[in-house]
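# What the coordinates show
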Amino acid sequence: MLGRTAGGLFWMFRYLERAENTTRLLEAGWRIALTRAGQGTNEWESVIITAGVRGPFEAAGLDYEAGDVINFLIRNPNNPSSIMSCVAAARTNARMVRTALSSEVWEAVNECWMAVKAVLTRPVTEKTLADVLSTIRTTAAVVRGALHGTMLRNEIYNFCRMGTFVERADNTARILDVKYYVLLPTAAFVGTAVDNTQWETILRSVSAERSYSWLNGGETSAAGIAEFLILDRRMPRSIAFCLSKMRENLGHLESEYGARQPSQDLADALVARVSGRKIEDVFDKGFHEFLEDTIQDIAGLAGRIETDFRFYT
Amino acid sequence: MENKRFFNEMFTEEAAARAPYEAYAQWFEGENPRDLRAKSDEAEAFFRRIGITFNVYGQKDADERLIPFDIVPRIISALEWARLEKGIQQRVRAINAFLHDIYHRQEIIRAGRVPKEIIAQNEAFLPQMVGVNPPGGVYTHIVGTDLVRTGENEFFVLEDNARTPSGVSYMLENRETMLQMFPELFTRLNVRPVSNYPRDLRRSLADCVPPAFKGNKPVIAVLTPGIHNSAYFEHAFLADQMGAELVEAVDLQIHDGRVCMRTTRGYEPIDVLYRRVDDAFLDPLNFRPDSLLGVPGIFDVYRAGGITIANAPGTGIADDKALYSYMPDIVEFYTGEKAILQNVPTWRCSEPESLKHVLANLKDLVVKEVHGSGGYGMLVGPAASKRELQAFEKKLRAKPSNYIAQPTLALSTVPILTKKGLAPRHVDLRPYVLVSPKQITITPGGLTRVALKEGSLVVNSSQGGGTKDTWVLGE
């Protein structure tokens, strides 16, 4: 397979994952705006920070209010991470690597793009937001379904999956990092109404509110949430889960190519960091520092994969 | 009046279905026109979903467009096809022999059948190809012979596309679409399949491995200028269907005398390159130095037998419009037979007598630029305004050798489905021909292009043309 093709597959799935993550982020932000209208704290700002687009958002002279944030994150063409930009970039990559995709995957991503483009011809309003987000989520889910159902389990599949998990691990780490202070086990804050809503938002932005409460019988705690999102391997958006998937896919490539790559060492080190640990231990060593290091090392791993497998554009 | 002037392939002047269309016309009678129109919309959605789009140069907003598809098939009888097939084979054989000759001993010039100037002063002639022997002796691995029809048995070759003919993906996807929409028709009519094309193409290319090839399975790649090229869909489609790699220039590098692609495991040599990049852009070292689409040094590897390039560089000299009028001689010279397919009578404006005739009859003629393509830079006399005619006359006088002229052909029509029912529209036909050292294979069918505007004779997709599925009936 061409290195350029491997890169295209990797990025196609990174962009799709990013579009989905932004959808979740918006859903969580929107819920807070609805339930806590007029209570002062501005959730929209942290949504923009988590999405990593504070610079361009402020440069565009926009305000931290629902309409501006929603449209910037969903359909602003000047925001390279807007959902529309991501879906278009995913499709462009898919077009480039079309020969590596099953026709079902290609058609699914093409249809996702057509559907998203169609619902985004006009600005998104409070009335249309739910429908728009649901269209994006549903059509993106079809791409993933087609990938699982129709693609050979070979190197192509591995590059697709690694794109997904790099993006997802980074996203979960960012969500935690933006809110790390509400998760710090400082007695003074525990249990206040503000924290409870913030915790719920964190869980919602990774679609984990139900699974968390099912596992914990409704008991919510900062340590519990942090442990769930960082260390729990049953949770498909946890950092530990994503990293072990990265390692697994690299392992498949090793057996297919018959050669071990330096990126595997990085993946092993990252997995070790989230294995067999207690969350208290993470807190003791510095929660914020831990998240910062993790975000940086995930980026380092992605870069190493690009080098090892000769991605280039 | 319309019916009398133009040959309608489906209906006689008495509105009876002609033989090849009988079964289809019968079926059509029983269909509800509204349902058929709904099918038409369905076809469009289908094309959008699978992404058969093309980009039109110079149109920014409409960067991805569909070629309109008409659901009424164009049907050709077994007998008609057999004759076309023979004629095309003969012509393509002659073209390959001509190319070999023109890049070696130039017997045809010595024999005085083709003037020296027309070769020597032609940009399509590639001096670098002189003395080069392409692997397997094949120059034009893929040819798309453009045919037009003017009567029951009147077929003309309009153009021999011997460089990189496009459109074959439409032939294949049009058929897929028809199979999905009208399965019942394919059980009633004995329509010959076209789906073998990608396999035939692969085999044909694999039969032309270069001397440097080792191993048992040649590595084939399709070279595309990239996703912004108007035919990118087709490049990806063909690579996919053949199980070949789709590569761009950035993927290629020369190592140890081979052209290699950069894979996730390192560099891997390519044996046969089906390039969809023009000669001039193929190799910035040997041809246009500003090309970003090419591979520096690939031509040297080619000359040394390290890779097969399909079609070979320099084949453009065979389908050049200045040379077109010599085709009957060329066919006779190399095959010893009279040409089976007719040429359209052509005036070479470079010749003073012809120029005089052309200028005097401009309003009845079609004038083409010698190096033009895609229907650009051409004058359709009968459809042109006075001012257009005058403007063109100026251009003609300024550089006569740049033009050839042909009578306006009474192109045959095939009905399309309109809001008011069936209506005749002009068509042409491009069958696809594959040449290997062993055989010449012509896929039964091809791309029928149709001028959707009433009365229009221009079928190019860039100028309002659409396509139809082409059915060749079995015996």
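Right above here is the structure, for reference.
Residues numbered from 1 in each chain as written. Chains lettered and ligands numbered in written order. Predicted model: local features only at pLDDT ≥ 70, side-chain atom pairs only at ≥ 80, totals over all residues. Heavy atoms only, no water.

A count of helical and extended segments in chain A gives 15 helices and 0 strands. Here the C-alpha atoms of chain A give a radius of gyration of 19 Å, agreeing with the 20 Å that 2.2 N^0.38 yields for 313 residues. Along the first, second and third principal axes, the C-alpha set of chain A runs to 55 × 50 × 35 Å. Every one of the 313 residues in chain A was classed for burial, and the buried ones make up 55%. In chain A, of all internal contacts separated by at least 6 residues, the share reaching a separation of at least 24 is 68%. Surface exposure of chain A reaches about 13,000 Å², of which carbon and sulfur atoms provide 51%. Separation between the mean location of the 35 positive side-chain charges and that of the 38 negative ones in chain A comes to 5 Å. (Helix = DSSP H or I, 4+ residues; strand = E, 2+ residues; numbered from the N terminus. Rg over C-alpha atoms; globule rule 2.2 N^0.38 Å. Buried < 20%, exposed > 50% of the residue type's maximum accessible area, 1.4 Å probe, protein only. Contact = heavy atoms within 4.5 Å. Areas by Shrake-Rupley, 256 points an atom, 1.4 Å probe, with all protein chains shown as cover. Lys, Arg positive; Asp, Glu negative; His and termini not counted. Charge placed at Lys NZ, Arg CZ, Asp CG, Glu CD.)

Let us now look at the interface of chain B and chain A. Every contact between the two is made by 25 residues of chain B and, on the other side, 25 residues of chain A. The three residues of chain B that bury the most area against chain A are Arg49, Thr264 and Arg265 of chain B, which together make up 30% of that side's buried surface. For the pair chain B and chain A, the number of links is 4 salt bridges. For Arg49 of chain B, the salt bridge goes to Glu107 of chain A, with nearest N and O atoms at 2.7 Å. In this structure, the connection of chain B to chain A is made through 14 residue pairs in polar contact (both at pLDDT 80 or more). Those elements that place two or more of their residues in the side of chain B that touches chain A are helix H3 (33-50), helix H10 (232-242), strand S5 (245-247) and strand S7 (258-263) of chain B. A per-element tally of the side of chain B that touches chain A places H10 of chain B first, with 5 residues. When the residues that make up the side of chain B that touches chain A are grouped by side-chain class, the tally is 10 nonpolar, 6 polar and 9 charged. (Buried area = accessible area lost by both parts, 1.4 Å probe. Salt bridge = Lys/Arg side-chain N within 4 Å of Asp/Glu carboxyl O. Polar contact = N/O pair within 3.5 Å; in protein donor to acceptor, adjacent residues only side chain to side chain. Nonpolar A, V, L, I, M, F, W, Y, C, P; charged D, E, K, R; others polar.)

Right, let's talk about unusual backbone geometry for a bit. Of note, the amide linkage connecting Ala310 of chain B to Asn311 of chain B takes the cis form, showing an omega dihedral of -15°. If you trace the backbone, Asn311 of chain B turns up in the loop between strand S10 (308-310) and helix H13 (316-319). Positive phi, close to 60°, is recorded for Arg310 of chain A, a residue that is not glycine. For Arg310 of chain A, the location among the structural elements is in the segment after helix H15 (279-308). Relative accessible area serves as the criterion here: at 31%, Arg310 of chain A is assigned to the partly exposed category.

Here we come to the packing of aromatic side chains. The final tally for this structure, using the stated rule, is 27 aromatic pairs over all chains. Between Tyr24 of chain B and Phe28 of chain B, the aromatic rings sit 6.2 Å apart at their centres with planes inclined by 35°, giving tilted as the arrangement. Of this pair, Tyr24 of chain B and Phe28 of chain B both sit in helix H2 (residues 22-29), separated by 4 residues, roughly a single helical turn. Neither residue differs from the other here; Tyr24 of chain B and Phe28 of chain B are each classed as buried. In this structure an aromatic cluster arises from ring pairing among Phe10, Trp11, Tyr15, Phe159, Tyr257, Phe309 and Phe311 of chain A. Over the aromatic face of Trp113 of chain A sits the side chain of Arg91 of chain A, whose NZ or CZ is 3.7 Å from the ring centroid. The ring of Tyr326 of chain B has Arg348 of chain B sitting right over it, with the charged end atom 3.7 Å from the ring centre. (Phe/Tyr/Trp six-rings, centres within 6.5 Å; stacked < 30°, edge-to-face > 60°. Lys NZ or Arg CZ within 6 Å of the ring centre and 35° of its normal.)

This paragraph deals with the sheet that holds strand S13 (residues 365-369) of chain B. All names here are of chain B. If you trace the 4 strands from one edge of the open sheet to the other, you get S12-S15-S13-S14, paired in antiparallel fashion. Both edges of this open sheet fall to strand S12 (347-348) and strand S14 (379-380), since each of them pairs with a single strand only. One ladder, built from 2 bridges, connects S12 with strand S15 (residues 403-407); its direction is antiparallel. The residue of S15 that forms the bridge with Trp347 is Ala405. (Pairing = 2+ DSSP bridges.)

Residues and elements named next belong to chain B. Strand S3 (residues 154-161) sits mainly inside the fold: 6 of its 8 residues count as buried. Note that strand S2 (residues 142-151) and S3 share 7 bridges and pair antiparallel. Directly across from Arg149, in S3, lies its bridge partner Phe155.

It is worth spelling out the packing of helix H2 (residues 43-50) of chain A against helix H4 (residues 66-75) of chain A at this point. Residue and element names in this part refer to chain A. At a minimum axis separation of 10 Å, H2 and H4 run at an interaxial angle of 15°. Between H2 and H4, the interaxial angle falls into the category roughly parallel. The handedness of the crossing between H2 and H4 is left-handed. Along the contact surface, H2 presents Trp44, Val47 and Ile48, while H4 presents Ala66, Val69, Ile70, Phe72 and Leu73. Class assignment for the residues of the contact of H2 with H4 results in 8 nonpolar, no polar and no charged. (Axes fitted to C-alpha atoms, helices over the stretch in contact; angles between N-to-C directions. Parallel < 35°, antiparallel > 145°, perpendicular 65-115°, else oblique. Left-handed = near helix turned anticlockwise from the far one by under 90°.)

Moving on, we get to the environment of Ile83 of chain A. Residue and element names in this part refer to chain A. Within the secondary structure layout, Ile83 lies in helix H5 (residues 83-96). It is 9.8 Å that separates the C-alpha atoms of Ile83 and Leu133, two residues lying 50 residues apart in sequence. If we skip the residues at most four places from it in the chain, Ile83 touches Ala19, Thr22, Thr23, Leu26, Leu73, Ile74 and Ile136.

Within a sheet, neighbouring strands are paired by backbone hydrogen bonds and run either parallel or antiparallel to one another. Residues and elements named next belong to chain B. Spatial strand order, S6-S7-S8: 3 strands in an open sheet with antiparallel pairing. Two strands close off the open sheet at either side, each with one partner strand: strand S6 (252-255) and strand S8 (266-269). Strand-to-strand, the axes of this sheet are offset by a mean angle of 45°, without reference to chain direction. Where S6 lies against S7, 4 bridges are found, and the strand directions are antiparallel. The residue of S7 that forms the bridge with Leu252 is Met261.

Take Lys453 of chain B: it is sitting in the loop between strand S20 (447-451) and strand S21 (465-472). Distance in space between the C-alpha atoms of Lys453 of chain B and Gly464 of chain B is 7.4 Å, their sequence separation being 11 residues.

What follows covers helix H9 (residues 197-206) of chain B. Burial within H9 of chain B is extensive, with 7 of its 10 residues counted as buried. Along H9 of chain B, the residues that are buried comprise Tyr197, Pro198, Asp200, Leu201, Arg202, Ser204 and Leu205 of chain B.

Everything listed is a geometric property; what it means functionally is a separate question.
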